[in-house]
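# Summary of structural features
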Amino acid sequence: MSTADNERWWRNAVIYQIYPRSFADGDGDGIGDLTGIREHLPYLAGLGVDALWLSPWYPSPMADAGYDIADHRDIDPVFGTLAQAEELIGYAHRLGLRIIVDLVPNHCSDAHPWFQAALADPAAPERDLFWFRPGRGPDGAEQPTDWVSPFGGGTWTRTTDPDGSPGDWYLHLFAPQQPDFNWDHPRVRAEFADIIRFWLDRGVDGIRIDSAAMLAKDPTLPQVTDDGPHPFVDVDAVHDIYRDWRRIADSYPGDRALIGEIWLPDQQRFANYLRPDELHAAFNFDFLGCAWTAVALRACVDATLAAHAPVGAPATWVLSNHDVTRHVTRYGRADTTFSFATRREGVPTDLELGTRRARAAVLLSLALPGAAYLYQGEELGLWEVEDIPHALRQDPMFVRSGGADPGRDGCRVPLPWAGDAPPFGFSPDGATARPWLPQPADWKDRTVRAQTGDPHSMLELYRAALALRRTEPALGDGELAWLPAPDDVLAVRRAAGFTCLVNLSGGAVPLPEHTALLLASSPLDDDRLPPDTTVWLRTSD
Ligand code: NOJ
């Protein structure tokens, strides 16, 4: 790929998330790997996406599926080798696909050499690279703060000193196997600047930053209160880190992008991360969690664009990822919103309705101004797998919540590629190991092979939409206007006579005047747009 072409590519790219454990298994051990990804790169180039974001591929004990990194400059042997990763980046570029790697700077693995050194000796200088603190109360037996982890439970674990006596506590906002770095320490900053250069030197086009709003902490470690500033989410000092990283990214040729994983309710605070000297883009989780109603979607689109405009950053549109309930399932429920706090098992779900809405939703999201993120398997219409036996579940969210939160395994089930029965071509023919999470037998209709060539399939809808997105000058970055429309219908006008109409009402509505029907998410009803359907139209204006 010529890195000079499509400057500022991150403003309107369609970015496909690969979750390496579950994409494709090349060596037959039931776990996805780089060989499997390499074999299927032509599929992704043919799908019509512009870039690939790969969830962590680094050496890791896998306490949080690789988001617990022991070595940031290598590849876990279960996935392959560094040489294979370098080769994969080159091959992707030759196919016209950009590569985004996942950087996890808030924490590392407890197997990381720095943390091991810190544990081995309370006087080790590595101790200061983390948050070690004495406990409260008699004998320091009480954790230093009552902070609650997004994974459930507390955020501190007590250590044992080398002489066997109880020692200090260390901070881990996520699982105990994920100790938080102390970003006030210059060695941490220098190390990550070097890691970023390591991957940019290998030609990656972008970096996705995990838990990007959580790196800086209030060093006085106060309790969380309802009204005061939060001690570990969106602490102002975090912005200095991103200013440093932006300078590094800008020093490389080829327009390298920094993309933040930022969950913040306040759109203004969110937009602060996207100021011109900070990150290039951030995931739009408001859109992901938005109810499937015209009023909510329009308000979300307006609020998103209003927040991004003053900082000149592109909006992003996200429907799913490896942390959330797949949207075919969410949209098939009475409550179509998403929140970690309310995620439960056994909610009645109409998958046919969810699939219909998912088809309509992707045409809406691809018609909005900005970049779009697709999560592997959504192009196949995969649903959340809810009946994974509890004994096989691996997500710490499930374990730490005592099963109250079903966790994220259900959206991480290995992809079905071909065939009538598991492993559906996920592993090579003759492999004896089973996929690391069981696939539903019903996925035989959802394989890539089964859907290819079927004009009614989800896969062919994605292929058609992505092909049009490349040729329609109106799509991608730019302006949006709302056209007058019947109640509960969204009419989005883009430049050059392109209109996207979404019917979220209970009845069919007439199509506005148009010169060509470019694409419809479901068949029309005698020239009228049925409920839960989106259409892309060429109009003469
Ligand atoms: C966000 C990642 O997307 C998620 O999968 C992970 O568990 C947490 N950060 C902790 O790294």
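Now for a quick tour of the structure. Because the structure is predicted, anything quoted here is derived from the model rather than measured.

### Considering the overall build of the protein
Across its full length, the protein holds 15 helices and 18 strands. Here the C-alpha radius of gyration of the protein, 23 Å, is about what a compact globule of 541 residues would show, namely 24 Å. Projecting the C-alpha coordinates of the protein onto the three principal axes gives extents of approximately 80 × 55 × 50 Å. Counting all 541 residues of the protein, 58% fall into the buried class.

### Description of helix α15 (residues 458-471)
Across its 14 residues, α15 extends 20 Å between first and last C-alpha, which sits within 8% of the 20 Å expected from 1.5 Å per residue. With ten of its 14 residues buried, α15 lies for the most part within the structure.

### Digging into the site of the ligand
Residues in close proximity to the ligand total 14 residues, the closest being D64, D210, H322, D323 and R408. The contact in question runs from an oxygen atom of the ligand to an N or O atom on the side chain of H107, over 3.0 Å. Within the complex, the protein chains bury 97% of what would otherwise be the 290 Å² of accessible surface of the ligand. Its residues placed into classes, the shell around the ligand shows three nonpolar, four polar and seven charged.

### Here's the deal with the sheet that holds strand β2 (residues 51-54)
Spatial ordering of the open sheet is given by β9-β8-β7-β3-β2-β1-β11-β10, a layout of eight strands whose pairing is parallel. The sheet is open, and its two edges are formed by β9 (281-282) and β10 (316-318), each paired on a single side. Taken together, the four bridges between strand β3 (residues 98-103) and strand β7 (residues 206-209) define a ladder with parallel strand orientation. Bridging across to β7, L103 finds its partner in I209. Here helix α7 (residues 238-250) sits on the sheet and contacts β3, β7 and β8 (257-260); the angle it forms with β8, its principal contact strand, is near 150°. Packing against the sheet, α15 makes contact with β1 (14-18) and β11 (371-375), and its axis sits at approximately 160° to β11.

### Overview of the environment of G46
Summarising the element assignment, G46 is placed in helix α3 (residues 41-47). The class of G46 is exposed, set by a relative accessible area of 54%. Distance from G46 to R189, taken between C-alpha atoms, is 39 Å for residues 143 residues apart in sequence.

### Let's talk about the pattern of salt bridges
Under the defined criterion, the tally for this structure stands at 35 salt bridges. Close ionic contact of R208 with E261 constitutes a salt bridge, the shortest N to O distance being 3.7 Å. Taken together, the residues R208 in strand β7 and E261 in the loop between β8 and α8 (267-272) connect sequence positions 53 residues apart. For the pair shown, R208 and E261 are each scored as buried.

### Structural notes on the sheet that holds strand β6 (residues 166-171)
Spatial ordering of the open sheet is given by β4-β6-β5, a layout of three strands whose pairing is antiparallel. Each end of this open sheet is capped by a strand with a single partner; those strands are β4 (132-133) and β5 (156-160). Bridge count between β4 and β6: two bridges; the pairing is antiparallel. Within β6, the position partnered with F132 by the bridge is Y170.

### Examining helix α12 (residues 351-367)
Taking 1.5 Å of rise per residue, 17 residues should cover 24 Å, and α12 covers 24 Å from first to last C-alpha, within 8% of that figure. The buried fraction of α12 is high, at 13 of 17 residues. Two or three places before E352, at the start of α12, stands the capping residue D350, its side-chain oxygen 3.1 Å from that residue's backbone nitrogen.

### Comments concerning the pairing of strand β13 (residues 489-494)
Burial within β13 is extensive, with five of its six residues counted as buried. Of the strand pairs in this sheet, strand β12 (residues 481-482) and β13 are connected by two bridges, and their pairing is antiparallel. Across the sheet, residue W482 finds its bridge partner in β13, namely V492. Judged from the six bridges that link them, β13 and strand β14 (residues 498-503) form a sheet pairing that is antiparallel. Among the inter-strand pairings, R494 is bridged to a residue of β14, identified as F498. The turn linking β13 back onto β14 is made up of three residues, and A496 within it adopts a positive phi angle of 55°.

### Some points on the pairing of β14
Within β14, six of the six residues are buried, leaving the element largely enclosed by the surrounding structure. In β14, alternate side chains face the same way, and those of F498, C500 and V502 on one face and T499, L501 and N503 on the other are all buried. By the bridge criterion, six bridges tie β14 to strand β18 (residues 533-538) in an arrangement that is antiparallel. Note on β18: the bridge partner recorded for F498 is R538.

### Considerations on the packing of helix α6 (residues 186-201) against α7
At a minimum axis separation of 11 Å, α6 and α7 run at an interaxial angle of 30°. Where α6 crosses over α7, the handedness of that crossing is right-handed. Contacts between α6 and α7 involve R189, F192, A193, I196, R197 and L200 from the former and D240, I241, D244, W245, I248 and A249 from the latter. Considered class by class, the residues forming the contact of α6 with α7 number eight nonpolar, no polar and four charged.

### Observations concerning the side chain of T355
Along the chain, T355 falls in helix α12. For T355, a relative accessible area of 15% corresponds to the buried category. When residues no more than four places from it in sequence are discounted, the contact partners of T355 are V328, R446 and M458.

### What about the nonpolar core?
Ranked by internal contacts, the top residues of the largest apolar core, which has 154 residues, are Y16, L44, W57, W245 and W536. Aside from chain neighbours lying at most four places away, what touches W245 is L103, P105, W183, F192, I196, I209, L215 and L258. Counting 13 residues, the second largest nonpolar core, distinct from the first, contains W131, F151, L173 and M397.

### Quick word on the packing of aromatic side chains
The tally for this structure, following the rule as stated, stands at 30 aromatic pairs. Ring centres 6.1 Å apart and planes at 50° place the aromatic pair F132 and Y170 in the tilted group. Here F132 is found in strand β4, whereas its partner Y170 is found in strand β6, with 38 residues between them in sequence. Y170 shares its class with F132; the two are buried. With a centroid separation of 5.9 Å and an interplanar angle of 65°, the aromatic rings of W183 and W245 are classed as edge-to-face. With W183 in the loop between β6 and α6 and W245 in helix α7, this pair connects stretches of sequence that are 62 residues apart. We note that W183, like W245, is buried. Counting every residue linked through ring pairs, the aromatic cluster contains W114, F115, F130, F132, Y170, F181, W183, F192, Y242, W245 and Y273. The ring of F198 has R202 lying over it, and the distance from NZ or CZ to the ring centre is 3.7 Å. Across from the ring centre of F398, 5.1 Å away, lies the NZ or CZ of R393, which sits over that ring.

Rules behind the numbers
- Starting afresh in each chain, residues are numbered from 1 along the sequence in its written order.
- Per-residue local features are limited, in this predicted model, to residues with pLDDT of at least 70; the limit for side-chain atom pairs, both in listing and counting, is 80 or more; totals at the level of whole chains, interfaces and linings are taken over all residues.
- Hydrogens and water molecules were not included; the side-chain quantities draw on all heavy atoms of the structure.
- Every helix listed is a DSSP run of H or I at least four residues long, and every strand listed is a run of E at least two residues long, numbered separately from the N terminus.
- Our radius of gyration is a C-alpha quantity, and the globule rule it is checked against amounts to 2.2 Å times the number of residues to the power 0.38.
- Exposure categories follow from relative accessible area, calculated using a 1.4 Å probe and restricted to protein chains: below 20% of the type maximum is buried, above 50% is exposed, and the middle band is partly exposed.
- Multiplying one less than the number of residues by 1.5 Å gives the expected span of a helix.
- Residues are counted as near a molecule or strand when any one of their heavy atoms sits within 4 Å of it.
- Whenever a nitrogen or oxygen atom comes within 3.5 Å of another N or O atom, the pair is scored as a polar contact, on the condition that within protein one atom can donate a hydrogen and the other can accept it, and that pairs from neighbouring residues in sequence are kept only if both atoms are in side chains.
- All accessible areas in this document rest on Shrake-Rupley with a 1.4 Å probe, and a residue is counted as covered only by the protein chains that are shown.
- When residues are grouped by polarity, Ala, Val, Leu, Ile, Met, Phe, Trp, Tyr, Cys and Pro land in nonpolar, Asp, Glu, Lys and Arg in charged, and all others, Gly among them, in polar.
- At least two bridges found by DSSP between two strands is the condition for calling them paired.
- Note on contacts: a residue pair qualifies if any of its non-hydrogen atoms lie within 4.5 Å across the two residues.
- Axis definition: a line fit to C-alpha positions, over the contact stretch in the case of helices; interaxial angles, taken between N-to-C directions, run 0 to 180 degrees.
- By definition here, a salt bridge exists when the distance from a side-chain nitrogen of Lys or Arg to a carboxyl oxygen of Asp or Glu is within 4 Å.
- Handedness of a helix crossing follows the sense of rotation of the near helix relative to the far helix, less than a right angle counterclockwise being left-handed and clockwise being right-handed.
- To define a nonpolar core, start from buried Ala, Val, Leu, Ile, Met, Phe, Trp, Tyr and Cys residues and group those joined through side-chain atoms within 4.5 Å.
- Working definition: rings of Phe, Tyr and Trp (its six-membered ring) pair if their centres are within 6.5 Å, and the pair is stacked with planes under 30 degrees apart, edge-to-face with planes over 60 apart, and tilted otherwise.
- Placement of a positive charge over a ring is assigned whenever Lys NZ or Arg CZ falls within 6 Å of the ring centre and within 35 degrees of the normal to the ring plane.

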